[in-house]
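Fold and geometry: a report
The residues making up each chain are set out below.
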Amino acid sequence: MNKRSVAVLITLFVIAVILGIYHPTVESMVATWNRSDTYAHGYLIFPFSMYMIWKKRAMLATIQYYPDYISLLVLVVLGLGWLLASASNVQVAEQYALTAMIPVVVWALLGFRAFNTILFPLAYLLFAVPFGEVFIPPLIDFTADFTVGALQATGIPVYREGSFFSIPSGNWSVVEACSGIRYLIASVTLGTLYAYLTYHSISRRLVFIAFSIAVPIVANGIRAYLIVMTGHLSNMQLAVGVDHLVYGWIFFGLVMLLLFWIGSFWREDYFDEVGSVENAPLASLKSSSVPVKSILGMAGLVIAVVTIWPVYLNYLNDKSDMRSVPEISMVDPSGKWSTHPVPLTDWMPGYTGSPKQFIGHFSHNNKHIGLYITYYRNQDQDNKLVSSSNVLVTDRDSGWRNVDGSRRNISLGDTPFTVHQNQLHASKERLLIWRWFWLTDHETADPYVAKMIQALNRVRGNGDDGAEIIIAASYEHDLEEAAVVLREFITDMQPVIARKLLAVHSAQTD
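With that out of the way, let us pick up the overall build of the protein. A count of helical and extended segments in the protein gives 16 helices and 11 strands. Over its C-alpha atoms, taken along the principal directions, the protein stretches across nearly 90 × 65 × 40 Å. Across the 510 residues that make up the protein, the buried fraction comes to 49%. Across the protein, the fraction of contacts at a sequence separation of at least 24, relative to all contacts at a separation of at least 6, is 75%. Computed over 35 positive and 40 negative side-chain charges, the separation of the two mean positions in the protein equals 9 Å.

This is the structure in structure tokens:
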């Protein structure tokens, strides 16, 4: 076996060792591939990447392998990113950090020129990460906007509340399955591969990838409109059950075939790299100058650098705060807001895991407020504060609909304060919701900021305690009726709530 082959085998061995060290992250990716059809393509990414690397073997044969110590700095950054993601239970960021380590290991052991030669096949590995849920809400909004606009342009009257809308023949809603996220992920994954294999110039590749993003989004809007029209024209007999999902995939398949067919007119055939192996200078294939000992030394450094972060995470886990969260109670010490015996509403938010909760109702001068506090400690993937599984409306059968959500800037005296505002509608009730996160010494309405603060608290050894605070008020027509009440309550009670939660955090409870 020549030295070049030994260098490659060392690289593959180090990658395997890293995947073994980070096996919980690898297992979480595989579990998602198994659980969700949206991400089942993850199994194909590694074979595709290996195939593209194999096609580059002629160019690789002309490149001198050597270890590159600069890459260790990148591995440190990725390892720290993995630690922060793990500390805040951001699984997708963990998975991206780990997957990105694979190309950097190639850079570290085989050198920058080899890394740069197969950069795209290595970067394509990132498509194995199950990512995309963050795009579901905007995709739902776009699909609803497109469908309602198309129906109105067709002359069909539409009444809309958020992603729910009614036409004379029936009621419709754009839910997660209708968002088009599956079409978008499949299109981008295949479109990127097609662009790389079909075109040589960067500009053509980027243009085709841009179309592979835009086309499925618009096509999904057209698909949704056609399904609603099919249901409408058939008096709600067709395309109202599972059949409309079947129609959707057939339509998407036709759209993708059309996209690839049009793209083929501008194809650029590659130079035959496989055939060039035979014509490559013999000196380029010699392996006498490959520094195997240096590569082995670098392999040890790489493994040492990437091992630091899981070891430190295990240390943090061992010193986790095992105290149970005490019961949470809340009263207004000034006596202005009194506890109200009658609940404001039957609405309840839904949370994952087993957090400690406080639900209270307050009144003052015929103004009624609902206060919901949900407190988490020792968080994990199934029990965490910031999660897409924590929702205001748990299911459609509850009778409630979340029709709007946005940021709202308010003032607490001279201090600016931001909350996330939502409007909830039921058949006879309307609620205005203000919500924000408390993280020991910080409060924010931004879930990404909350995650970062939580991660920093955890890696500093300060635990991961945090809570979501929700206040709710009802209104009839103008939501500003409720906003006035909420503003008065939050001005009076926000300092009280913060002090109480800090006391809960510090309480010595077994």
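Here we have 3 strands laid out as an open sheet, ordered β1-β2-β3, and antiparallel in their pairing. Pairing within the sheet leaves two strands with one partner each, and these edge strands are β1 (159-161) and β3 (170-173). Each adjacent strand pair in this sheet contributes to an overall mean axis angle of 20 degrees, direction not counted. Alignment of β1 against strand β2 (residues 164-167), held across 3 bridges, turns out to be antiparallel. Across the sheet, residue R160 finds its bridge partner in β2, namely F165.

The next subject is the pairing of β2. Residues F165 and I167 of β2 are buried on one face, while the alternating residues F164 and S166, pointing to the opposite face, are not. What sits between β1 and β2 in their antiparallel hairpin is a turn of 2 residues, with G162 showing a positive phi close to 65 degrees. With antiparallel pairing between neighbouring strands as the criterion, β2 and β3 make up a hairpin whose turn holds 2 residues.

Let us look at the pairing of strand β11 (residues 466-474). Within a regular strand, side chains alternate between the sheet's two faces. With respect to burial, β11 is a largely interior element, 8 of its 9 residues being buried. Here strand β9 (residues 430-439) pairs with β11 via 8 bridges, running antiparallel. Note that in β11 the partner of I433 across the bridge is A472.

So, about helix α1 (residues 3-21). Given a rise of 1.5 Å per residue, 19 residues ought to cover 27 Å, and the 27 Å separating the end C-alpha atoms of α1 matches this to within 8%. For α1, the complete set of buried residues consists of R4, A7, I10, T11, V14, I15 and I18. Along the axis of α1, the buried residues cluster in a sector spanning 135 degrees; they form a single face. Buried residues belonging to α1 abut α4 (57-60), α6 (91-110) and α14 (292-318). At the N-terminal end of α1, a side-chain oxygen is found 3.1 Å from the backbone nitrogen of R4, two or three residues along, and the residue is N2.

This paragraph deals with the pattern of salt bridges. According to the stated counting rule, one finds 10 salt bridges in the structure shown. R377 is the partner of D465 in a salt bridge, and the nearest nitrogen-oxygen pair spans 2.7 Å. Placement of the pair is D465 in the loop between α15 (447-459) and β11 and R377 in the loop between β6 (367-376) and β7 (401-412), with a sequence separation of 88 residues. Assigned by exposure class, D465 and R377 land together as buried. A salt bridge links E480 to R408; the shortest N-O distance between them is 3.0 Å. One end of the pair, E480, is in helix α16 (residues 479-506); the other, R408, is in strand β7, and 72 residues separate them in sequence. Beyond isolated ion pairs, a larger network of salt bridges with shared partners links K336, K367, E488 and D492.

Contact geometry for α1 and α14: axes closest at 10 Å, N-to-C directions at 10 degrees. Here α1 lies roughly parallel to α14, going by the angle between them. Residue-level inspection shows K3, V6, A7, I10, V14, V17, I18 and I21 of α1 in contact with α14, the latter providing V292, I295, L296, A299, V302, I303, V306, T307 and P310. Taken together, the residues that form the contact of α1 with α14 break down as 15 nonpolar, 1 polar and 1 charged.

Turning our eyes to something else, we now look at a nonpolar patch on the surface. A cluster of nonpolar residues, L258, W261, I262, F265 and W266, forms a patch on the protein surface that exposes about 580 Å² of accessible area. Within the secondary structure, W261 is located in helix α12 (residues 243-263). The class for W261 is exposed, based on a relative accessible area of 52%.

Here we come to the confidence of the model for the protein. Low pLDDT marks stretches whose predicted atomic positions should not be read closely. For the protein, the average pLDDT comes to 88, and 93% of its residues sit at 70 or higher. Overall, residues 274-288 carries pLDDT values under 50, and its contacts beyond four positions in sequence, including any with other chains, amount to 16 contacts.

Turning our attention to the packing of helix α10 (residues 181-198) against helix α11 (residues 202-233). The contact between α10 and α11 brings their axes to 9 Å, and the two run at 155 degrees. Classed by the angle they form, the pair α10 and α11 counts as roughly antiparallel. α10 and α11 meet at a crossing whose hand is right-handed. Where α10 abuts α11, its residues Y183, L184, S187, V188, G191, T192, Y194, A195 and Y196 lie against R205, F208, I209, S212, I213, P216, I217, N220 and R223. In the contact of α10 with α11, the residues fall into 11 nonpolar, 5 polar and 2 charged.

Cut-off values and rules
Residues numbered from 1 in each chain as written. Predicted model: local features only at pLDDT ≥ 70, side-chain atom pairs only at ≥ 80, totals over all residues. Heavy atoms only, no water. Helix = DSSP H or I, 4+ residues; strand = E, 2+ residues; numbered from the N terminus. Buried < 20%, exposed > 50% of the residue type's maximum accessible area, 1.4 Å probe, protein only. Contact = heavy atoms within 4.5 Å. Lys, Arg positive; Asp, Glu negative; His and termini not counted. Charge placed at Lys NZ, Arg CZ, Asp CG, Glu CD. Pairing = 2+ DSSP bridges. Axes fitted to C-alpha atoms, helices over the stretch in contact; angles between N-to-C directions. Expected span 1.5 Å × (residues − 1). Arc of directions from axis to C-beta. Polar contact = N/O pair within 3.5 Å; in protein donor to acceptor, adjacent residues only side chain to side chain. Salt bridge = Lys/Arg side-chain N within 4 Å of Asp/Glu carboxyl O. Parallel < 35°, antiparallel > 145°, perpendicular 65-115°, else oblique. Nonpolar A, V, L, I, M, F, W, Y, C, P; charged D, E, K, R; others polar. Patch = residues over 30% accessible without salt bridge, like charges linked within 9 Å, V, L, I, M, F, W, Y side chains within 5 Å. Areas by Shrake-Rupley, 256 points an atom, 1.4 Å probe, with all protein chains shown as cover. pLDDT = per-residue confidence, 0-100. Left-handed = near helix turned anticlockwise from the far one by under 90°.

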